[in-house]
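These are the residues of each chain, in order.
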Amino acid sequence: MEIRKQYLLLLILCTDIFIREIQAESVTPEEAKLLRDEVREMFYHAFDGYMDHAFPRDELKPLSCGGEDTLGGYALTLIDSLDTLALMGDLEHFTTSVEWIGKNLRFDINKTVSVFETSIRILGGLLSAHLIASDYATGMRIPSYDGELLHLAEDLARRLLPAFDTPTGIPYGSVNLLYGVDENESKITSTAGGGTLTLEFGVLSRLTDDPIFEQVTKNSVLGLWARRSRINLVGAHINVFTGEWTQKDAGIGTSIDSFYEYLLKAYLLFGDEEYLYIFQEAYAAAMHYLYKDPWYVEVNMNSAALVWPLFNSLQAFWPGLQVLAGDVDPAIRTHTAFFSVWKRYGFTPEGFNLATLSVQNGQRSYPLRPELIESTYWLYKATRDSRYLDAGRDMVASLQYGARCTCGYCHISDVEFHKQEDHMESFFLAETVKYLWLLFDLAAGSDNLVENGPYKYVFSTEGHLLPATPQISLVKEHCSYIGAFCLRSNFGHESPTFDIPMDSQEPNATKTFLDTTSLLGHSNVHKSSSVSGVIKGLCPGLSHGQKYGISYVASHSTTLSDELVDQRENNVIQSHSVVLLSGSSDTNTVEDLQNDTESSSKGNGEPFRG
C-alpha cells in the first residue's frame, strides 16, 4: 500500500511538471506574430518559386526548379493562389495576377480535365478573386477590373456542363473542354466528385442570373442521396448511368469526404434548408456507424459491417466541419487523435492502420495536405485553446525542416524517412499556408478580410473565400428564379436564424458561421418556422422528405441479409434530426477495432482528393 501511495504521488508530481512545461511552452501573442510572419515567408518562398520557375505551367517542381502541367495547362497555381494574395493584403501581386489572367487565360482548348478538380481549383479560384477584385468593401478592389474573371468562370462552367448529361444527373468524372465527354469516358465516379460542386456552381448562378449551374449540381447531390443505403450511408464510387454503387465502402475520408462538407456549407452560404436536412440525416448516420471514438472507420454501406480500420489523411477535415455544425466535443477528441499521428511521424501519412498502429503500405506519403491544419484553425477559432496554436507551431516546424526545398515545398514520399519528392500541389498555396496564416493571425490580433471584412465567408473545399453577400445568399430576396429557395413564406426581408449581427460588439466576434449549434441540437429543425421555406405548389403539411421527393432508391445488388441488418438499425432511419453526440457511449478503442478486424483487405490505390 505504501509503495502504491508513493507511486501515485510521483505520478501526480510528474503530471504537474508535464502540465507546467506545456503551459510554459505555449505560443504567446508575440510568438504568434512571429509565426504568422514566418508562414507569410513560407507562402512567398513557394509563390515566388512558382512564378520564377514554373509559371504559366500548372504546378512547380520545387526540387528541380521547373514546371509541369498537371490539370489543364492554364496557370493552375496562380489561379489557386489569388485569394491568398488578397487575404494577406498584397494588392500589387493580386492586381498583376488578375490582370494577366484576364488577358491571357482561355478555356477553348483540347484538354480533358477532372470536373471535380477543375471546379474546386479553377472555377472556385476565379469566382473568389472576382468577388474580391470587384468590390470596394473588400479593400482589394482593382480599378481597372471589369469582370474578366467572372466571364472566364462562366465560360469554363459551360464547358463542364456536358458532364452532367447522364441518366442519374451525377456527372462524369472528366470532360474535354473543347469536345465534351469522350465516348470512352469511364462511367464510374466518386461520391465526392459528384457531391462537391454546389458552392462554386451555385455562386456562379447567383452572379450570372442563370439557374442552370445551380440546378445541375443540386440534381447531382439529390441523385447521390436518393441512392443511399437504408441506413443513410453512401458508398465511395458509383456508376453515373445505372446508379449502382461500384464501391460500397462508406467513410468520411477518401472519395466521400467533401460530399458531407458541401451539404452543410451549401446551407450556410445559400440558406437552402434542403441541404441542411440531408446533412442532418447523413451526419447522424456517420456518427452512428462510422465513429469509434475518437477514430472513424469504413464500413459496408448496407450492413454497417467493418471493412477497414484506417485513418486516412482526408478524414482530418472532419473536426473542422463539426465545429461549423456546433458539435465541438467529439471534434476536440478526434483532432487530438489525428494530431497524435502527425506528432509520431512529423506529418500525417495518407493511411494509418488502426489495427496495426502503423503506416499503411502504399499510403506512406504526405502531399502537403491542409486538412488537419484546417481543423486546427477552426478549433482554435471556436475554443481559443492554446493547444491548437502549439499544434500549428509543430506543423510549421515540420514543413520548414522536412518539406522546404530549393524553390518551394516538396511532397514527402515516405513520412517515416522524410524523403522529398519533386512536386508541389497548388493547394499548398490555396489552403495549407492559408490556414496556418489565419491561425496565427487570429492569435496575434487579426486584421484580415475573413475576420474583419465586410462579409461572413464560407471556405470552399479548396479554401477559396466565398462571401455571404445578399446577392449570393438571397437573404433579402424571394424566389428570383425557378428553383430558388424562398427563405420565408411571406417573402420577407429577414435573415436566416444563423445570421450574426454585422455590428456585433463582442470582443471575439467574427463574421463567420460559428453560431450553428442549433443545426444539431434541435429536433425537427426542418419544421421550424424560423427557417421554413415555401415552394409553390407543395403542401406545407408534408414531411420534408415527402415535400422534396428525397426518397430511397433500392439497389438491385442489395441482399436479403443487408435488408435484415437495415431493419435492425431502423432506429436511425426513424429519426429525422441529428442527436447530440458529445455524450456518446460508443467509445471503442483501437483494441476493439483489432478484435473486430479479421482478414479484410483493400486496394492501396492513391486516395482521391475531396
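Remember, it's a predicted structure, so these values are computed and weren't measured experimentally. (Residues numbered from 1 in each chain as written. Predicted model: local features only at pLDDT ≥ 70, side-chain atom pairs only at ≥ 80, totals over all residues. Heavy atoms only, no water.)

On to the overall build of the chain. In terms of regular secondary structure, the chain is built from 23 helices and 19 strands. The burial tally for the chain puts 60% of its 610 residues in the buried class. Here the analysis covers contacts within the chain between residues at least 6 apart in sequence; of these, 73% occur between residues at least 24 apart. Accessible surface computed for the chain: about 23,700 Å², of which carbon and sulfur atoms make up 51%. (Helix = DSSP H or I, 4+ residues; strand = E, 2+ residues; numbered from the N terminus. Buried < 20%, exposed > 50% of the residue type's maximum accessible area, 1.4 Å probe, protein only. Contact = heavy atoms within 4.5 Å. Areas by Shrake-Rupley, 256 points an atom, 1.4 Å probe, with all protein chains shown as cover.)

Time to look at the nonpolar core. In terms of nonpolar packing, the biggest core is built from 168 residues, with Phe94, Leu126, Tyr260 and Trp318 touching the most fellow members. By residue number, the principal contributor to this core is helix H16 (residues 427-445), which donates 12 residues. (Core = buried A, V, L, I, M, F, W, Y, C linked by side-chain atoms within 4.5 Å.)

UniProt marks Glu117, Asp257, Glu350 and Glu371 with the feature "active site" (unreviewed entry), using the numbering shown here. By secondary structure assignment, the location of Asp257 is in helix H10 (residues 257-270). In this structure, Glu350 sits in the loop between helix H13 (328-345) and strand E14 (351-353). The class for Glu350 is buried, based on a relative accessible area of 2%. In this structure the side chain of Glu350 is engaged in a polar contact, spanning 2.6 Å, whose partner is the side chain of Ser313. (UniProt positions renumbered as here; feature names shortened; annotations may be inferred. Polar contact = N/O pair within 3.5 Å; in protein donor to acceptor, adjacent residues only side chain to side chain.)

Per the stated rule, a full pass over the model turns up two disulfides. Note that Cys65 is cross-linked by a disulfide to Cys407, the S-S spacing being 1.7 Å. With the S-S bond torsion at 85 degrees, the cross-link from Cys65 to Cys407 turns out right-handed. Residue Cys65 is located in the loop between strand E1 (59-61) and strand E2 (66-68), and its partner Cys407 is located in the loop between helix H15 (386-403) and strand E16 (411-414); the two are separated by 342 residues in the primary sequence. Linked covalently through their sulfurs, Cys405 and Cys410 form a disulfide whose S-S length is 2.3 Å. One disulfide, between Cys405 and Cys410, carries an S-S torsion of 105 degrees and so falls in the right-handed class. Considered together, Cys405 and Cys410 belong to a single accessibility category, that of buried residues. (Disulfide = S-S within 2.5 Å.)

Through backbone hydrogen bonds, the strands of a sheet pair up, either in parallel or in antiparallel fashion. Strand order in the open sheet made by the three strands is E13-E14-E15, with antiparallel pairing throughout. Each edge of the sheet is formed by a strand with only one pairing partner; in this case those strands are strand E13 (310-312) and strand E15 (358-359). Bridge analysis of E14 against E15 gives two bridges, and the strand direction is antiparallel. Bridge pairing in E15 links Phe352 to Val359. Packing of H13 onto the sheet brings it into contact with E13, E14 and E15, and relative to E14 it is tilted by some 100 degrees. (Pairing = 2+ DSSP bridges. Axes fitted to C-alpha atoms, helices over the stretch in contact; angles between N-to-C directions.)

Moving on to the packing of helix H12 (residues 318-325) against helix H14 (residues 371-383). One way to put it is that H12 packs onto H14 with a least axis distance of 7 Å and a crossing angle of 30 degrees. Two packed elements cross with a definite hand, and for H12 against H14 that hand is left-handed. When H12 is examined against H14, the residues Trp318, Pro319, Gly320, Val323 and Leu324 are found in contact with a partner set consisting of Ser375, Trp378, Leu379 and Ala382. In the contact of H12 with H14, the residues fall into seven nonpolar, two polar and no charged. (Left-handed = near helix turned anticlockwise from the far one by under 90°. Nonpolar A, V, L, I, M, F, W, Y, C, P; charged D, E, K, R; others polar.)

With the rule as written, the count across this model stands at 30 aromatic pairs. Ring plane angle 65 degrees and centroid distance 5.7 Å describe the contact between Phe164 and Phe201, whose orientation is recorded as edge-to-face. Taken together, the positions of Phe164 in the loop between helix H6 (148-160) and strand E4 (174-176) and Phe201 in helix H8 (residues 198-208) put the pair 37 residues apart, joining distant regions of the chain. Phe201 shares its class with Phe164; the two are buried. Linked through ring pairs, Phe259, Tyr260, Phe279, Tyr283, Tyr291, Tyr296, Phe317 and Trp318 together constitute an aromatic cluster. The ring of Tyr136 has Arg141 lying over it, and the distance from NZ or CZ to the ring centre is 5.0 Å. Above the face of the Tyr380 ring, Arg384 is positioned so that its terminal group lies 5.7 Å from the ring centre. (Phe/Tyr/Trp six-rings, centres within 6.5 Å; stacked < 30°, edge-to-face > 60°. Lys NZ or Arg CZ within 6 Å of the ring centre and 35° of its normal.)

A few words on unusual backbone geometry. Look at the link from Phe55 to Pro56: it is a cis peptide, with omega at 10 degrees. Despite not being glycine, Ala75 has its phi angle at roughly 55 degrees, a positive value. Mapped onto the elements of the fold, Ala75 is located in the loop between E2 and helix H3 (76-87). Look at Asp209: it is not a glycine, yet its phi comes out positive at around 60 degrees. You can see Asp209 is positioned in the loop between H8 and helix H9 (212-226). On the basis of relative accessibility, which here comes to 63%, the residue Asp209 falls in the exposed class.

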